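What the coordinates show
Chain residues, written in single-letter form:
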Amino acid sequence: MDAIRLPGLVDVHVHLREPGYEHKETLRTGTQAALAGGITTVLEMPNTSPPTATLDLLRNKTQRAATSVVCDVGFFLGATRDTDPLATAAAAPHACGLKIYVSETFGSLRLDDLAQLMAFFRAWPGPGPIAVHAEGLTLATCLALAQLYGQRLHVCHVSRRSEIELIRRAKQHGAAVTCEVTPHHLWLCEDDLPRLATRGQMKPPLASAADRAALWAHLDVIDCFATDHAPHSLAEKNSPQSPPGVPGLETMLPLLLTAVYEGRLTLDDIIARLHTNPTRIFHLPISASTWVDVDPHAVYDVPDRGFQTLCDWSPFSGFTVHGAVRQVALRNQIVFADGAVRAAPGCGRVLANL
Ligand code: DOR
Ligand code: ZN
Ligand code: ZN
């Protein structure tokens, strides 16, 4: 049967690792992986080295991106212990949002001091939301702070029953909160840990099968699907000190199309969570001449190697998926076709107003 044309798809949670960790991923390889996965815009997280914490560092990142990215990219600013929240606020118009790590993570961006959290929630002027890595009790803290300081809150990678239930409750009470769920928390659970071994290390960790089922049961509360694409080299992942994170850009859309094949999702569910809601929440430009063609009837097994991502592995290797990315166009230019990236470095747009 014919391919299906989807609008430009957005992954609102991606780690591209440049500057500082170019052996894991670069702006170029990460955005190539996005195109191969049918994603035309990625929003990049600030936990690079140095972290994207000031206007100068944001400018440095956008300058690198201007000549290297092959899909559109927006950048989050990061809150750190050492930055003045007012300086962060000054850079806000050029970022897609402010990211605050309140729970344990990779890198040094965790904030666990209430006074500092309050200062960032007080100072952030928008227009992007505050996105939080907040698990368990810290999620309740962030929901309260967002309410008290009148902020829009975006909750990253919800993974547990209690968390999705709390977000449902907050929405019922009119809170300005949105959330995302990753493919790894929808498809994997702690039963997969023996197979994945140290590679299964991630934050939030894989949860129970009951938590995973709760995410599917509360699909209507989930605003976005997002990969939390967190590449680390295979050598790093196979070591006893495996850093947290798994890649996901090249497998999210095939997995979601598989759920459509199985009758667990509709195509409209995917379009809402990878296009309509992300563009609304993060005020992203939409172009009708940016699109993704998928073949919903292609069946294949996720390979072990041969990905565009520099880390070149997947926690989903061996999974049989129903649905493949055939062609991707960015503003009328074919940038991915026949399994190959055809985009010149720099053809992606940097969404930073700088
Ligand atoms: O698994 C994770 N990986 N969780 C995080 O919070 C950070 C991310 C990374 O940057 O590797
Ligand atoms: Zn996180
Ligand atoms: Zn992340």
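Preceding this paragraph is the structure being described.
The text that follows walks through the structure, step by step, so that each part is easy to find. Worth saying up front: this structure is predicted, and the values here are computed from it rather than measured.

Calculation rules
- Residues numbered from 1 in each chain as written.
- Chains lettered and ligands numbered in written order.
- Predicted model: local features only at pLDDT ≥ 70, side-chain atom pairs only at ≥ 80, totals over all residues.
- Heavy atoms only, no water.
- Phe/Tyr/Trp six-rings, centres within 6.5 Å; stacked < 30°, edge-to-face > 60°.
- Helix = DSSP H or I, 4+ residues; strand = E, 2+ residues; numbered from the N terminus.
- Buried < 20%, exposed > 50% of the residue type's maximum accessible area, 1.4 Å probe, protein only.
- Lys NZ or Arg CZ within 6 Å of the ring centre and 35° of its normal.
- Donors = N, O, S within 2.8 Å, 3.2 Å for Na, K, Ca; no water.
- Near = heavy atom within 4 Å.
- Polar contact = N/O pair within 3.5 Å; in protein donor to acceptor, adjacent residues only side chain to side chain.
- Areas by Shrake-Rupley, 256 points an atom, 1.4 Å probe, with all protein chains shown as cover.
- Nonpolar A, V, L, I, M, F, W, Y, C, P; charged D, E, K, R; others polar.
- Contact = heavy atoms within 4.5 Å.
- Pairing = 2+ DSSP bridges.
- Axes fitted to C-alpha atoms, helices over the stretch in contact; angles between N-to-C directions.

1. What about the packing of aromatic side chains?
Scanning the entire structure with this criterion turns up four aromatic pairs. Here the aromatic rings of phenylalanine 76 and phenylalanine 282 are separated by 5.8 Å at their centres, their planes lie at 85 degrees, and the arrangement is edge-to-face. Of the two residues, phenylalanine 76 is situated in strand S4 (residues 72-78) and phenylalanine 282 in the loop between helix H12 (267-281) and strand S10 (291-301); the sequence distance between them amounts to 206 residues. Its relative accessible area of 4% is what places phenylalanine 282 among the buried residues. Measuring from ring centre to ring centre gives 5.4 Å for phenylalanine 316 and phenylalanine 319, while their planes differ by 80 degrees; the resulting arrangement is edge-to-face. Taking NZ or CZ as reference, arginine 5 lies 3.5 Å from the ring centre of tryptophan 291, over its face. If you follow arginine 264 out to its NZ or CZ, it ends over the ring of tryptophan 216, 4.2 Å from the centre.

2. A look at the coordination of the zinc ion (ligand 2)
At this site the zinc ion (ligand 2) is bound by His133 (ND1) and His157 (NE2), with donor distances of 2.1 Å. Judged by its relative accessible area of 2%, histidine 133 falls in the buried class. Histidine 157 gets classed as buried once you look at its relative accessible area, which sits at 2%.

3. Considering the coordination of the zinc ion (ligand 3)
Looking at the metal site, the zinc ion (ligand 3) is ligated by His13 (NE2), His15 (NE2) and Asp228 (OD), spaced 2.0 to 2.1 Å from it. Mapped onto the polypeptide sequence, the residues donating to the zinc ion (ligand 3) form the spacing pattern H-x1-H-x212-D. Metal-to-metal, the separation of the zinc ion (ligand 3) and the zinc ion (ligand 2) is 3.6 Å. The exposure class of histidine 13 is buried, given its relative accessible area of 0%.

4. Description of the site of ligand 1
In the vicinity of ligand 1, the residues found are His15, Arg17, Asn47, Thr105, Phe106, His133, Met202, Lys203, Ala230, His232, Pro244 and Gly245. Histidine 15 has a polar side-chain atom sitting 3.3 Å from an oxygen atom of ligand 1. Here asparagine 47 contributes a side-chain N or O atom positioned 2.8 Å from an oxygen atom of ligand 1. In the complex, 99% of the free accessible area of ligand 1, which totals 290 Å², lies under the protein chains. The residue makeup of the shell around ligand 1, split by class, is four nonpolar, six polar and two charged.

5. Some details on helix H1 (residues 27-36)
Here H1 lies mainly inside the structure; nine of its ten residues are buried. Those residues of H1 that are buried are in contact with strand S3 (41-44), helix H2 (55-66), S4, strand S11 (320-330), strand S12 (333-337) and strand S13 (340-341). Where H1 ends, the next residue or the one after it, glycine 38, has phi of about 80 degrees, a positive value.

6. Here we look at the sheet that holds strand S9 (residues 224-225)
Sheet architecture is open: eight strands sit in the order S2-S3-S4-S5-S6-S7-S8-S9, paired in parallel fashion. The open sheet terminates on both sides in strands that have one partner only, identified here as strand S2 (10-14) and S9. As defined by bridge partners, strand S6 (residues 130-133) adjoins strand S7 (residues 153-155) across three bridges and the pair is classed as parallel. Its bridge partner lying in S7, isoleucine 130 is registered against leucine 153. Most of the contacts of helix H6 (residues 161-172) go to strand S8 (residues 177-181), to which it runs at about 155 degrees, and overall it touches S7 and S8.

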